[in-house]
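Chain by chain, the residues:
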Amino acid sequence: MQPTDIGVPGPSSLDMARAFRSVRADPLSFLVEVAERHGDLVSFPVPGPPALLVNDPDAARHVLQTSARHWGKQTVQYAALARVPGPGLLASAEPTWIEHRRLAAPAFHHQRLEAVGDQVRAAADGAIAAGLSRSSVQDGAVVDVAALTHRIGLDAVGRALFSADLTGHAQELLDATSEAAELVVRAGRAILPIPDRVPTPLKVRLRATRRRLDVISAQIIAERRVRGHSGDSYGDDLLGLLLDSGLRDDEIRDELVTMVIAGHETVAAALAWTLMLLAEDQPAQDRVRTELASHPGPVPLVGHRDRLPWTRAVVDEALRLYPPAWALSRRSQQPDVVAGCEVPAGTLVIISPWLLHRRTDTWPDPLAFRPERFLGEGAVRSGYLPFGQGPRLCIGREFALGEMVLVLSRLLPSYRIDVTPDWSRPQAAAQVAVHPRGGMPLVVTRLRVPA
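Cut-offs used in this document
Residues numbered from 1 in each chain as written. Predicted model: local features only at pLDDT ≥ 70, side-chain atom pairs only at ≥ 80, totals over all residues. Heavy atoms only, no water. 1 Å grid on protein atoms, 1.4 Å probe; cavity = no way out; pocket = protein on both sides within 12 Å on 5 of 7 lines; lining within 4 Å. Points joined across faces, edges and corners; volume = space filled by probe spheres on them. Helix = DSSP H or I, 4+ residues; strand = E, 2+ residues; numbered from the N terminus. Expected span 1.5 Å × (residues − 1). Buried < 20%, exposed > 50% of the residue type's maximum accessible area, 1.4 Å probe, protein only. Arc of directions from axis to C-beta. Pairing = 2+ DSSP bridges. Axes fitted to C-alpha atoms, helices over the stretch in contact; angles between N-to-C directions. Contact = heavy atoms within 4.5 Å.

*Asks:* Requested: an account of the layout of surface pockets, with residues and values cited.
*Replies:* The calculated volume of the second largest pocket comes to roughly 440 Å³. Contributing to the lining of the second largest pocket are 21 residues, with Val32, Trp354, Leu355, Arg358 and Leu367 lying nearest its centre. Among the secondary structure elements, those contributing two or more residues to the lining of the second largest pocket are α3 (27-38) and α16 (353-356). A per-element tally of the lining of the second largest pocket places α3 first, with five residues.

*Asks:* I'd like to hear about α3, residue by residue, with values.
*Replies:* The end-to-end C-alpha separation of α3 is 16 Å, in line with the 16 Å expected for twelve residues at 1.5 Å each. Here α3 has its buried residues at Pro27, Leu28, Phe30, Leu31, Val34 and Ala35. Taken around the axis of α3, the buried residues stretch over an arc of 160°, which confines them to a single face. Counted as exposed and oriented over 90 degrees from the buried face of α3: Glu36 and Arg37. Where α3 terminates, the next one or two residues include glycine 39, which has phi positive at roughly 105°.

*Asks:* How would you sum up the sheet that holds strand β12 (residues 441-446)? Please name residues and give values.
*Replies:* A sheet is described by the order of its strands in space; here three strands give the open sequence β4-β12-β9, paired in antiparallel fashion. For this open sheet the edge positions go to β4 (141-144) and β9 (415-418), each flanked by a neighbour on one side alone. Taking the axes of each pair of neighbouring strands and ignoring which way they run, one obtains an average angle of 40° across the sheet. Bridging between β9 and β12 involves four bridges; their strand directions are antiparallel. The residue of β12 that forms the bridge with isoleucine 417 is valine 444. Sitting on the sheet, helix α9 (residues 145-162) is in contact with β4 and β12, with an inclination near 50° to β4.

*Asks:* Explain the environment of histidine 150 to me, and be specific about the residues and the numbers.
*Replies:* Here histidine 150 is to be found in helix α9. Look at histidine 150 and you get buried, because its relative accessible area is 14%. In sequence terms histidine 150 and glutamate 265 are 115 residues apart; their C-alpha atoms lie 7.1 Å from each other.

Below, the structure written as structure tokens:
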């Protein structure tokens with residue numbers, strides 16, 4: 001098969017061959033480079049239908065929202081994502097996705113999220129107390145805050161969506177989901193799919209990781225079944241709703257693992273980057289602390305934008321600079337027009353929030369950390385999609401945003417975050433979410449509260 005030529009500029013086959021190692025090692029830098037060199041619509045020389053990088057906000061909205069019904073998730077990337085969590089909400093296609101989305105939606109309703117605020121606060125407080133209990137923090141100690149936010153994220157997802165303290169499974173879940181994230185990204189970067197019958201080392205590791213997650217998921221499901229019904233329901237959390245729906249245990253397992261991986265990976269990474277940006281900008285951090293001090297009572301999980309505008313703007317700006325979903329892919333199910341270009345059915349489109357969030361025409365001085373961009377009239381911007389866009393917008397968006405604000409409200413009143421004396425930013429590693437490569441070592445100091 002030869003690449004389909006539709007007259008769109010892009011790297012040549014030789015360019016791609018030369019860049020193969022760098023693409024796999026640092027895809028974010030590669031995307032930035034090809035967009036700078038070739039423009040907002042870039043064609044990659046792959047066999048068969050066109051493969052396009054789309055870096056235009058209007059074209060991205062067309063694919064993800066306006067014509068979403070004609071663009072599906074039948075891509076190598078989502079097939080790879082489904083290798084470990086299974087065809088859950090993140091990677092499934094219609095009609096399965098619509099059915100499961102309707103089943104899961106009540107668990108993410110605002111009233112439900114308001115009710116689980118206490119559990120998320122408890123998860124944050126527990127992880128902060130355990131992670132920052134060392135006496136050296138009194139005078140300032142270097143702490144890997146990425147490890148801390150992973151613990152918070154995992155426990156918060158467990159308590160809020162499964163009414164379970166996952167600390168008993170925590171280390172095993174963290175190890176398994178971290179390995180899963182690494183493996184599915186490696187599988188998703190394959191240029192061409194490899195038949196399932198070929199037992200590559202990557203596939204062997206993927207199957208082993210899936211088996212580990214199967215065992216943990218089966219234990220969680222079995223424990224809930226043993227507890228039985230309360231009235232006519234297993235509960236109003238996500239696990240209870242799935243059990244009540246009559247789905248098979250393997251289908252419930254797929255959704256459970258999807259939510260554990262997607263729910264804690266994205267928030268953990270985003271929180272680590274947020275703390276880094278605040279450590280680099282002490283006035284912004286002090287302003288968050290002052291705003292939180294003026295808030296009466298515990299910060300709610302939802303409905304905080306008007307009450308804590310600066311804190312929420314900090315979160316939004318951190319998500320602009322370090323969007324968890326760094327690349328989205330779709331495949332056309334019929335001919336369409338993208339950015340003025342006619343494309344045939346089967347066209348693959350790659351949309352990168354990492355690129356869209358760095359457009360100078362939308363975001364002046366785009367690499368600078370400026371939370372004020374999201375205050376007042378600037379709160380809504382074209383091409384801002386840290387959680388996707390359109391009907392496949394992340395179902396956990398409000399939960400993730402609320403959790404980030406709530407965690408900051410539990411951490412910053414008692415601790416100051418600073419960069420280390422020899423500070424340099426960690427490299428952004430494009431996995432399921434954008435993680436700091438090697439962790440996020442920051443100086444954490446307990447604040448002395450006036451008597």
